[in-house]
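Survey of secondary and tertiary structure
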Amino acid sequence: MDFLNAFVALSNFVLIPGIAYGSQLALGALGVTLIYGILRFSNFAHGDTMAFGTMVTILFTWLFQSWGISAGPLPTALLALPIGIVFTMALVVVTDRAVFKFYREQKAKPVVFVMVSLGVMFMMNGLVRFIIGPGDQRFGDGERFIIKARAFKNMTGLDEGLAIKTSQGITVITAIIVVALLFWFLNKTRTGKSMRAYSDNEDLALLSGINPERVVIITWLIVAALATIAGTLYGLDKSFKPFTYFQLLLPIFAAAIVGGLGSPLGAIAGGFVIAMSEVMITYAWKKVGGYILPESLAPDGLAQLLSTDYKFAVSFAILVIVLLFKPTGIFKGKAV
Amino acid sequence: MSDTLKHTLLFVGVGLLLVLEGTTTAFGVFSGSWNSSLTILNMGLISAIMALGVNLQWGFAGLFNVGIMGFTALGGLAVVLTSMSPTPGAWEAGGQQILLALVLGAATIGLAILAYQKMTAGLARTAAMLAILIVGFVIYRAVLDPGVEAVEGINAALEGNIGGLGLPVLMAWPLGGLLAAGVAWLIGKTALGLRSDYLAIATLGIAEIIIAVLKNEDWLSRGVKNVVGLPRPLPYEVDLQADPAFVEKAASWGLDATTASTIYVKLGYSALFAIVLLVLLWMAQMALKSPWGRMMRAIRDNEVAANAMGKHVTRRHLQIFILGSAICGVAGAMMTTLDSQLTPGTYNPLRFTFLIWVMVIVGGSGNNFGAVLGGLLVWFLWIKVEPLGVLVIEMITSGMAEDSGLRAHLLESAAHMRLFTMGLILLLVLRFSPRGLIPEK
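Owing to the predicted nature of the structure, the values given are computational and were not obtained by experimental measurement.

Analysis parameters
Within any chain, residue numbers begin from 1 and follow the written order of that chain's sequence. As they are written, the chains are lettered A onward and the ligands numbered 1 onward, keeping that order. Thresholds applied to this predicted model are a pLDDT of at least 70 for local features of residues and 80 or more for the giving and counting of side-chain atom pairs; totals over whole chains, interfaces and linings are not thresholded and use all residues. To qualify as a helix, a DSSP run of H or I must reach at least 4 residues; to qualify as a strand, a run of E must reach at least 2; elements of each kind are numbered from the N terminus. Atoms considered for the radius of gyration are the C-alpha atoms alone. The globule rule reads 2.2 Å times the number of residues to the power 0.38. Three exposure classes are used, based on other C-beta atoms lying within 10 Å of a residue's own C-beta, which is placed from the backbone: buried for 20 or more, exposed for 12 or fewer, and partly exposed in between. For the purpose of contact definition, each residue receives a C-beta atom placed from its backbone, and two residues are in contact when these atoms lie within 7 Å. Either an automatic procedure or a domain database provided the assignment from which the domain bounds are taken. Between N-to-C directions, angles span 0 to 180 degrees; the directions come from axes that are lines fitted to C-alpha atoms, helices contributing only their stretch in contact. By definition in this entry, angles of less than 35 degrees are roughly parallel, angles greater than 145 are roughly antiparallel, angles of 65 to 115 are roughly perpendicular, and the rest are oblique. Take the far helix as your reference; a near helix turned counterclockwise from it by less than a right angle gives a left-handed crossing, and one turned clockwise gives a right-handed crossing. Each residue is assigned to one class: nonpolar for Ala, Val, Leu, Ile, Met, Phe, Trp, Tyr, Cys and Pro, charged for Asp, Glu, Lys and Arg, and polar for all the others, Gly among them. UniProt positions are given in the numbering used here, feature names are shortened, and annotations may be inferred rather than shown by experiment. In this scheme, a helix's expected span is set at 1.5 Å multiplied by one less than its residue total. A score between 0 and 100, pLDDT records how confident the predictor is in each residue.

Counting its regular elements, chain B contains 18 helices and two strands. Over its C-alpha atoms chain B spans a radius of gyration of 25 Å, differing by no more than 12% from the 22 Å that the globule rule assigns to 441 residues. Projecting the C-alpha coordinates of chain B onto the three principal axes gives extents of approximately 75 × 60 × 50 Å. Counting every position in chain B, which comprises 441 residues, the buried fraction comes to 44%.

Within chain A one finds 14 helices and two strands. Over its C-alpha trace chain A gives a radius of gyration of 21 Å, about what one expects of a compact globule, namely 20 Å for 336 residues. Taken over the C-alpha atoms alone, chain A extends approximately 70 × 55 × 35 Å along its principal axes. Buried positions account for 46% of the 336 residues belonging to chain A. Within chain A, residue pairs in contact and separated by at least 24 positions form 76% of the contacts whose partners lie at least 6 positions apart.

Residues and elements named next belong to chain B. Domain assignment breaks chain B into domain 1 (3–85 + 163–432) and domain 2 (86–162). Here domain 1 and domain 2 have C-alpha centroids that lie 34 Å from each other. Listed per partner, the contact involves ten residues of domain 1 and eleven residues of domain 2.

So, on to the packing of helix α11 (residues 249–259) of chain A against helix α14 (residues 311–325) of chain A. Residues and elements named next belong to chain A. Between α11 and α14, the least distance of the axes is 9 Å, while the angle of their chain directions is 25 degrees. With respect to each other, α11 and α14 are oriented roughly parallel. Considering how the two elements wind past one another, α11 and α14 form a crossing that is left-handed. Here Leu250, Pro251, Ala254, Ile257 and Val258 of α11 lie close against α14, whose contacting residues are Phe312, Ser315, Phe316, Ile318, Leu319 and Val322.

A separate point is the environment of Phe60 of chain B. All names here are of chain B. Structurally, Phe60 can be placed in helix α2 (residues 34–60). Overall, the presence of 26 C-beta atoms within 10 Å leaves Phe60 in the buried class. Separated by 249 residues in sequence, Phe60 and Met309 have C-alpha atoms that sit 18 Å apart. If near-sequence neighbours (up to four positions away) are discounted, Phe60 is found in contact with Leu288, Gly293, Met296, Arg297, Arg300 and Ile320.

Glancing now at the interface of chain A and chain B. In this assembly, 37 residues from chain A lie in contact with 34 residues from chain B. A breakdown of the residues in the side of chain A that touches chain B according to their chemical character gives 27 nonpolar, eight polar and two charged.

Let us look at the packing of α2 of chain B against helix α16 (residues 368–397) of chain B. Residues and elements named next belong to chain B. Taken N-terminus to C-terminus, the directions of α2 and α16 make an angle of 135 degrees; their axes are 7 Å apart at the nearest point. The angle between the axes of α2 and α16 places the two elements in the oblique class. Pair α2 / α16 crosses with right-handed handedness. In contact with Ile40, Met43, Gly44, Ser47, Ala48, Met50, Ala51, Leu52 and Asn55 of α2, α16 contributes Asn368, Ala371, Val372, Gly374, Gly375, Leu376, Trp379, Phe380 and Ile383. Classifying every residue of the contact of α2 with α16 gives twelve nonpolar, six polar and no charged.

All names here are of chain A. The feature "transmembrane region" (unreviewed entry), as annotated in UniProt, sits at residues 20–39, 51–70, 76–99, 111–132, 168–186, 215–236 and 305–325 in this numbering. Strand forms 0% of residues 20–39 and helix 100%; the C-alpha atoms that close the span are 29 Å apart. Split by type, residues 111–132 is 100% helix and 0% strand. Its first and last C-alpha atoms lie 31 Å apart.

Residues and elements named next belong to chain B. Checked against the element boundaries, Ala331 lands in helix α14 (residues 313–339). Judged by C-beta crowding, with 33 C-beta atoms within 10 Å, Ala331 ranks as buried. Remark: the alpha-carbon pair of Ala331 and Pro174, spanning 157 residues in sequence, is separated by 9.6 Å.

Moving on to α14 of chain A. In this model, α14 of chain A (15 residues) spans 22 Å end to end at C-alpha, consistent with the 21 Å of a helix rising 1.5 Å per residue. For α14 of chain A, the complete set of buried residues consists of Lys311, Phe312, Ala313, Val314, Ser315, Phe316, Ile318, Leu319, Val322 and Leu323 of chain A.

Residue and element names in this part refer to chain A. When you line up the elements, Ser70 lands in the loop between α2 (46–67) and α3 (77–106). For Ser70 and Ala80, which are ten residues apart along the polypeptide, the C-alpha to C-alpha distance reads 10 Å. Those residues in contact with Ser70 that lie beyond four places of it in its chain are Thr76, Asp141 and Gly142.

Moving on, we come to the confidence of the model for chain B. Residues at a pLDDT of 70 or more form 99% of chain B, whose mean pLDDT is 86. Overall fold confidence (pTM) sits at 0.87, and the ipTM for the predicted complex is 0.86.

Glancing now at unusual backbone geometry. Of note, Lys107 of chain A is a non-glycine position whose phi angle comes to about 55 degrees, a positive value. Along the chain, Lys107 of chain A turns up in the loop between α3 and α4 (110–132). In this structure, Asn226 of chain B takes a positive phi of about 65 degrees despite not being glycine. Among the secondary structure elements, Asn226 of chain B is positioned in the loop between α8 (218–221) and β1 (227–228). For Asn226 of chain B, a count of 14 C-beta atoms within 10 Å gives the class partly exposed.

Laid out in structure tokens, this is it:
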């Protein structure tokens, strides 16, 4: 038995990728949950908003690279990120004015909003494919690893290596900063409080003199920033492909529902629950098992519960379980 | 102009578009080939059937299903499972074992549900359910894996799947509907009765999973290796061309044998699809007019009031959700029959789910004729937006230099205009004419 090696192997293949992926999902789910809390519909265009923001970031990254600007060991994309956020903010505000506002004034049913968001999703998807094409894009540069597997082995003398990619480190740090800022904004500032009040009880908020249109616009701005950051981090960590971003909708929605739609804290918890389950269920446990279990019990096969192609099935299974047993989610969201 | 006249003219308009497609190459959009025109018509008829199914769910009951792709794919799978001849030796080698594993898997879930219902809530119940599920999963995998390996090992280059029952391919259409209905029951049971958005998210998920299963379970559907050469309900073109009687008949019409045979087969499919469409349309119309249809619309318009009148809202929703999904399954089986191959890699939610939604909304939700019109019209547009897009972009960029990089990029990306245009059409219709071309009465 060799717990140390087992733990390092576990960290390398499960914990670190899981935490990075969980942070990305959490940021995505925060966007979905904020829209749900304030505008009261499930925004199907969220995945494509992420794709749009990431695309703008990529284009400016390339521009900066051609100018010879770089961020040293960090990826250049971090410099382009603010520009991506500004463009995405402009896009979602224009979309809201041109599309969603009309239905808000009509007090349309949530399901109509969802359908309208489908139309928006189509257009954004077409726009992204039109500008950058449907293919895979890699835009990470700078130092690739914080710790390399070999260096870690030499340093500690263990059999197992531990590699931490720069993108993973950046993801976690950025996610912590963004979430801290968001919670400070929601809990401490006047605007943030008015947003929460509006989310809790629309009529009461209106009576207290809160301007609903202002709340809505601020929500969209925050969501645009969250979506762009989440998308760029995901793209740095893996790669950018418009269709993959559309498919991220499912784990993101699952995360938001598991945590409780409308609850920011729930979105973060949900993101990690989904990401960890996805990574753990599709990971081949043979190596870790080989270290912990006595030789006679060591698994013969890969000891993989499901093949990686079924990662959607994991999000979906968790979603179904939550819908069956606790439709309001872990943190008592508002939806029933 | 009376409504009936207007609606008839709309259908005539779509017919005219198809005739133009068959006869003229004017405007750079039409191709002037009857083969192409009939291809569009056939897919249009299938799309119209899918739109009927979705209209049943959305137009009658207000249910939002975004998993149409999944139900379509299940229909396709049904074609493989019914019409292919069984792979020799597969049943003995591993087929029985796979079936046993599936039964065991179902039994595990059944046991877990039983434990949930019979035991009192608490830690003991959670532990018992988890234990049942974990032990059940281990047994399931232990039985399933060797079976799958055995089946996939049989002549892997050509077969490697269990094949089907060897029944006539037309039998697959109702069976595809049944398969889709079964899955719809599972989804409906979990997601109906909750918020309306939840059904959307659950159906979105199940569609992705069905596609993942088709892509990865090689023993079932050969995965991305595709199942080709599915039996056809109609004769093959080469056989027709070899038949002297047919060639003579074609010559008397002034056609060469090749063109005549392809058109003959396509017309045959058109006739088959039109029969299915008409039967389903008649059934949907009868349902709409019946007390059941009125009850459905009452539930859609005011669930609380309908509930107070003693209608079981969730149960009715489940019923109509299953019916609509079954229709999508039938359409999926028809589509796979038309292609005579199952290609799990080509299922794409934008094409198979959201496009159908555009059809229903544009045609007129709540009106069966509207759904059919939307299916035919939007399918025609979907095919023709691409050449139109290229045309428009050529016009816009005609002032630019021949070797301009921007021009090349724009021309290359013109194909993606499709999604953009479909989104735009959906938004415009929802905004300015939410009742569609043929509104509900």
